[in-house]
Amino acid sequence: MIRHFRIAALCSISALATALPHAAMAQVAQASTAPQADDSADVGDIVVTAALREQTLQEVPVAVSVVTGEQLDAIGASSIESVANASPSLTFTKGSNQSNSSLSIRGIGTTVFSAATEPAVSVIVDDVPMARSGQGFQDLIDVQRVEVLRGPQSTLFGKNASAGLVSVTTKAPGRTLTGDFDAMYAEGGELQLRGSISGPISETLGFSLSGFFKDYDGFVDNVSGVGDSKLSGYHVWGTRGKLRFEPTNDLEITVIGDYSKGSDTTVPTLRELGTVAYANAVAPVIPSAENRQVNLNSDNTNDSEQWGISARIKARLTDNFELVSISAIRKWDFTGRGDTDYTSLTAPVAGVNLWDVNSGTTSLQQLTQEIRLVSGDLGGFDVLVGAFASKVDIDTTFQRRQVFLAGPRSGQFSGSTSSSNIAAFISTNIDLTEKTQLFGGLRVLRETLDWSARRSPADILVPGDLPLTGATGTAANFSNSTSDTAVVGKIGVRQSLGDLGNVYASYARGYKGKGFNLIFATQPTDQPVNPELSDAFEVGAKVQTLDRKLSLNAALFYTKYRGYQSQARLPGDISFYLLNAGTVSTRGIEVEATVKPTRLLDISLGGTWADARIDEFPIGPCYVGQTAALGCVGGSQNLSGGALPNAPDFRGTFYVRQGVPFGDSMPFDGFIQSNVVYQTKVQYSLDQDPKTVQGAYAVVNAALGLESKDGAYSVSVFVKNLFDKNFTGNLFNSTFNGGRVYQQVLRDGERYFGVRAAVHF
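Residues numbered from 1 in each chain as written. Predicted model: local features only at pLDDT ≥ 70, side-chain atom pairs only at ≥ 80, totals over all residues. Heavy atoms only, no water.

## Considering the overall build of the protein
Then comes step 1: Of regular secondary structure, the protein possesses five helices and 45 strands.
Then comes step 2: Relative to the globule expectation of 27 Å for 761 residues, the C-alpha radius of gyration of the protein, 26 Å, shows essentially globular dimensions.
Then comes step 3: Overall, the C-alpha framework of the protein stretches about 80 × 55 × 50 Å when taken along its three principal axes.
Then comes step 4: By the burial criterion, 54% of the 761 residues in the protein qualify as buried. (Helix = DSSP H or I, 4+ residues; strand = E, 2+ residues; numbered from the N terminus. Rg over C-alpha atoms; globule rule 2.2 N^0.38 Å. Buried < 20%, exposed > 50% of the residue type's maximum accessible area, 1.4 Å probe, protein only.)

What follows is the structure, given as C-alpha cells:
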C-alpha cells in the first residue's frame, strides 16, 4: 500500500511541477519584467520574537541564532534536530527513540528516561511550548524561521527553558494565493514529499494548508532473516492547517490545527563486546565503529501520534497597547519497543541471556494558556505584562521479559505524573539616554508535581514466568507530590552604536523545576530531585558594516548551574536513577557572521567555543569496569572537572551558496552550495567512561542545481557527508551479557546521494 501511495504521490508532484509554473506566470509577470538588480546586495533585516516582541535580529539584546525556512530547505533540514547543522551552539543526542533523545545548548541539556522530569531546552512551535522533548522532534514544514535562544530564558519562556529554547514560527496565511511543493529522493529508497498552499478565502479570512510524507526502509541491515531486513528507517506523515480571521484592523484571530502519525525502526548497533560467548551469539555481526548490521528477531518499531489545536488572539486595545492570548491543547501518544539482547537466539546459552521484550508507552496531554499585554513606547519606556498556566498529564507503562538458563522472568509497571504551573511575568525596556537602554524582567511561578506508581511481581507477561529480580521485581503501589515557588529574572543594559549595531551586557537567573524518577525501577523511598538553578552572565555585540554586506554577532557567556539534573546507572545494575549532579558550569564565546559580497554569493558561518564542565560532584557514579585504581572507591568517584555529556569544546558551522548566471537567453540559472559542520571530541556519559568518547569530525555536504529566473521551480542533486566520515549520535556502555558498548548510528554518518525538486507559485 505504501508503494502504491509513493507512486501516486510522485505522479501528483510531477503533474504539479508541470502545471503550477503556468498558473504562477500571471503573478510573476511583473517581477520578470522588473529592472535587473545591480551586483550590490546586503544581508537584510531578520525579524525575531526572542523578547516576545517583534524586533530585528540586530536590535534584540539576546544571543539568538536564526535559521530561515529558505536556509533550512537549502541544507535539507527537515526536522528539529537537524537545525543543529546550522546553529553551532545546539547539539542533538540521539536516543533509541523520540522520548529519550535530547537537545543541548552551550553543552547543557537533560537526557533522562523519567516522564516526571522536564527538558532543559524547550521547544516552542507557534508560541506553544512542548512539555517533553519527544513532542518537540517534529518535522519542519512551511517554516518561516527557527530561533535558537541561547542561555537561560526562564523569565519570558518559563521553567523548562533553563538552558535555552528552540522556537519555530510557521508561515502565516498569505494575502494572495501561493503554493510550495517539493520532493526529495535519496539512495536506499528514501522519499520525502512536502507541500503547502496559502491564500485568501475572503477579505477578512485567510487560510494555509500544508502536509508531508516521509518513507524510508532504513540503512541498518538486519541479518537475522526475521522481520524487516532494513532498520533505522521511518514512515511518517502529517498535516497542519491555519485560519486567520481579521474582522477589523485591530483584531486578528489565528487558529492552528496539526496532526502527525508515524513509526520508525531506530536501532543502535554494537560497537564493542566483552565476552566471546556474546560475540558468538551476535555473529555474523562484527562489532565496530563502522558497524551497520544487527541480528534481531523481535519487534523494534516505535509508534508516535500527535495532534494539537491552538488559538491566538491579537487585539489592539489602544494606540499604545496590544493584548495577545494563546490557548492550546496537545496530545501525544508514543509506544517504544526494543530487542535488547541483539541476538536472534530463541533459547539462552551459557553467558548469553535473552531480552526480546523491552517496551513502553507514553500518553501525554497538555493544556496551556498565556496572556500578554504589550505596550508601545510610553515615553521613554515600554512594558510587557503576562500570565501563563499549564497542566500536563502523563501516563506511562513498561513491559520487560528476560530469558535466563534458569528460566524466563518478566514483569510490568505503570505510572502517572501530573504537573501544573502558574506564572506571572513582566518585562520592560527603559531609555536611560538616547542610545542607552536598560532592560529586564521578573517571573514568579508556582508549580506542583504529582506522581504514582504500581508494580506487582505477580504481573508477569507470560504464564509460568518468574518475577523480575532486583528493584524491578519488588512490589510498589504508592503516590506522592511536591510543590515549589520560585522567582527568576533578568537585567541588562544595551548601548546603541547607531547604524553599526549595538552592544549589551546582562544577568539572568534560570530555573528548572523538581523532578521524580518515574521509571520501571522506581521505589517508594525515592525522593524528588531538587530544582535546577542557574546564574547566567553574558556580554554581546551585534554589528554590521555601513554597506550592510557583513553582519557579525558575538557573545561571551558564563552560566553556573546548581542542582544539575541528570541520571546515572547503579553500579552492576541495568537500572538508572535520577540525581542532582552537584554544580556544573558552561563558559565560552559564540561568533556568527553573515556575508553577502555580491547578489550571487551568500556566506554564513558560526563557531562556539565552550567549556561545559562539572565543577563539583565528589560522589559521582562510577563507569562500567572502573576499579579503585581508576578512581572508583566505595562505588563512587570524584567527577569534579569532568566534561558534560555531548558538550564539544568547539563546534562550527559554515554555509556558502554561489549563484551561476546562464545569461538572458536561458530561463534558468545555476547554483552550487555547501554546508559544513565540525566539532571536537565529546564525552557522551556523565560518568566519564573512556569507551563513550566520540572523536572530532567534520561533515561536508554539497549540492548543485538549476532554478528558474522567476523562482517558479528548482532542481538539484546533493551529496550528504561527501567524504564519508563515520560518526555517531550517542555511545553507551552496558553491563548486559558480560558488557557491551553500543552506538546510535546516523543516516548522515555515511555518504549518500539524492535529488531534490521544488515548485513555487
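## So, unusual backbone geometry
Then comes step 1: Proline 284 follows alanine 283 through a cis peptide bond whose omega is 15 degrees.
Then comes step 2: The phi torsion at arginine 548 lies on the positive side, around 60 degrees, for a residue other than glycine.
Then comes step 3: Structurally, the position occupied by arginine 548 is in the loop between β29 (532–544) and β30 (550–562).
Then comes step 4: Looking at arginine 548, the relative accessible area reads 23%, which means it is partly exposed.
Then comes step 5: A positive phi is found at aspartate 724, a non-glycine position, where the angle reads about 55 degrees.
Then comes step 6: Examined against the element boundaries, aspartate 724 turns out to sit in the loop between β42 (713–720) and β43 (728–734).

## A word on the sheet that holds β43
Think of a sheet as strands paired side by side through backbone hydrogen bonds, with each pair either parallel or antiparallel.
Then comes step 1: Read from one edge of the open sheet, three strands run β18-β44-β43, paired in antiparallel fashion. Looking at strand neighbours, the two that pair on one side only are β18 (269–273) and β43, the edges of this open sheet. Between one strand axis and the next, the sheet turns by 20 degrees as a mean value, whatever way the strands run.
Then comes step 2: Two elements, β43 and strand β44 (residues 740–745), share five bridges in a ladder whose sense is antiparallel. Note on β44: the bridge partner recorded for leucine 731 is glutamine 743. (Pairing = 2+ DSSP bridges. Axes fitted to C-alpha atoms, helices over the stretch in contact; angles between N-to-C directions.)

## Some thoughts on the state of the cysteines
In protein structure, a disulfide is the covalent linkage between the sulfur atoms of two cysteines.
Then comes step 1: Tallied over the full model, the rule gives one disulfide.
Then comes step 2: With its sulfur 2.1 Å from that of its partner, cysteine 622 forms a disulfide with cysteine 632. Judged by the sign of its S-S torsion, about 95 degrees, the cystine formed by cysteine 622 and cysteine 632 is right-handed. In this pair, cysteine 622 sits in the loop between β35 (620–621) and β36 (636–637) while cysteine 632 sits in the loop between β35 and β36, placing the two residues 10 residues apart along the sequence.
Then comes step 3: Cysteine 622 sits in the buried class, given a relative accessible area of 11%.
Then comes step 4: What makes cysteine 632 buried here is its relative accessible area of 13%. (Disulfide = S-S within 2.5 Å.)

## Some details on a nonpolar patch on the surface
Then comes step 1: Among the surface-exposed residues, Tyr185, Val660, Phe662, Met666, Ile672, Leu704, Leu706, Val715, Val717 and Val755 lie close enough to one another that they form a single nonpolar patch of about 770 Å² accessible area.
Then comes step 2: Sorting the residues of the nonpolar patch by element identifies β41 (697–708) and β42 as the ones contributing at least two each.
Then comes step 3: Mapped onto the secondary structure, tyrosine 185 falls in strand β11 (residues 178–186). (Patch = residues over 30% accessible without salt bridge, like charges linked within 9 Å, V, L, I, M, F, W, Y side chains within 5 Å. Areas by Shrake-Rupley, 256 points an atom, 1.4 Å probe, with all protein chains shown as cover. Salt bridge = Lys/Arg side-chain N within 4 Å of Asp/Glu carboxyl O.)

## Details of the sheet that holds strand β10 (residues 164–170)
Then comes step 1: With mixed pairing, five strands are arranged side by side in an open sheet as β3-β9-β10-β7-β8. Of all the strands in the sheet, the pair left with one neighbour each is β3 (64–68) and β8 (128–129).
Then comes step 2: As judged from the two bridges shared by strand β7 (residues 121–125) and β8, these two strands associate in the antiparallel manner. Across the sheet, residue isoleucine 124 finds its bridge partner in β8, namely proline 129.

## What about the packing of aromatic side chains?
Then comes step 1: Applying the stated criterion across every chain yields a total of 17 aromatic pairs.
Then comes step 2: A centroid spacing of 4.3 Å and a plane angle of 10 degrees characterise the contact between tryptophan 451 and phenylalanine 516, whose relative ring orientation is stacked. Here phenylalanine 516 lies in the loop between β28 (501–512) and β29 and tryptophan 451 lies in strand β25 (residues 436–455), a separation of 65 residues in the sequence. Taken as a pair, tryptophan 451 and phenylalanine 516 share a single burial class, namely buried.
Then comes step 3: Every member of this aromatic cluster is reached through a ring pair, and the members are Tyr342, Phe732 and Tyr742. (Phe/Tyr/Trp six-rings, centres within 6.5 Å; stacked < 30°, edge-to-face > 60°.)

## Re the confidence of the model for the protein
Close inspection of predicted coordinates is inappropriate for parts of the model with low pLDDT.
Then comes step 1: The predicted model of the protein averages 91 in pLDDT, with 93% of residues at 70 or higher.
Then comes step 2: Averaged pLDDT values over the elements of the protein bottom out at 36 in helix α1 (residues 2–32) and peak at 98 in strand β19 (residues 293–294).
Then comes step 3: With pLDDT under 50 throughout, residues 1–38 is counted as low confidence; its partners more than four residues away or in other chains account for 28 contacts. (pLDDT = per-residue confidence, 0-100. Contact = heavy atoms within 4.5 Å.)

## Some words on the pairing of strand β12 (residues 190–200)
Then comes step 1: Counting buried residues along β12, nine of its 11 residues qualify, which places the element largely inside the surrounding structure.
Then comes step 2: In this structure, the hairpin formed by β11 and β12 is closed by a connection of three residues, where glycine 188 is found at a positive phi of approximately 85 degrees.
Then comes step 3: In terms of strand pairing, β12 meets strand β13 (residues 205–216) through 10 bridges, oriented antiparallel. From the neighbouring strand, serine 198 faces β13, where its bridge partner is serine 208.

## Examining the side chain of asparagine 502
Then comes step 1: As for its position among the elements, asparagine 502 is in strand β28.
Then comes step 2: Here glutamine 58 takes part through its backbone oxygen, which lies 2.5 Å from a polar atom of the side chain of asparagine 502. (Polar contact = N/O pair within 3.5 Å; in protein donor to acceptor, adjacent residues only side chain to side chain.)

## Here we look at the pairing of β7
Then comes step 1: The buried fraction of β7 is high, at five of five residues.
Then comes step 2: Taking every second residue as pointing to the same face, both faces of β7 are buried, with Val121, Val123 and Val125 on one and Ser122 and Ile124 on the other.
Then comes step 3: As paired strands, β7 and β10 are joined by five bridges and run parallel to one another. Residue pairing for β10: isoleucine 124 is matched across the bridge by serine 167.
Then comes step 4: The antiparallel hairpin formed by β7 and β8 contains two residues in its connecting segment, where aspartate 126 sits at a positive phi of about 50 degrees.

## Observations regarding the nonpolar core
Then comes step 1: Counting 43 residues, the largest nonpolar core has Leu72, Val83, Leu90, Leu103, Val166 and Leu644 as the members making the most contacts within it.
Then comes step 2: For this core, the elements supplying multiple residues, two or more each, are α2 (69–75), β5 (102–105), β7, β9 (143–150), β10, β21 (321–336) and β34 (601–616).
Then comes step 3: Apart from residues lying up to four places away in sequence, valine 166 is in contact with Ile80, Leu90, Leu103, Val121, Ser122, Val123, Ile124, Val146, Glu147 and Val148.
Then comes step 4: The next biggest cluster of nonpolar side chains, apart from the first, holds 21 residues, and it includes Tyr216, Val220, Ala281 and Val352. (Core = buried A, V, L, I, M, F, W, Y, C linked by side-chain atoms within 4.5 Å.)

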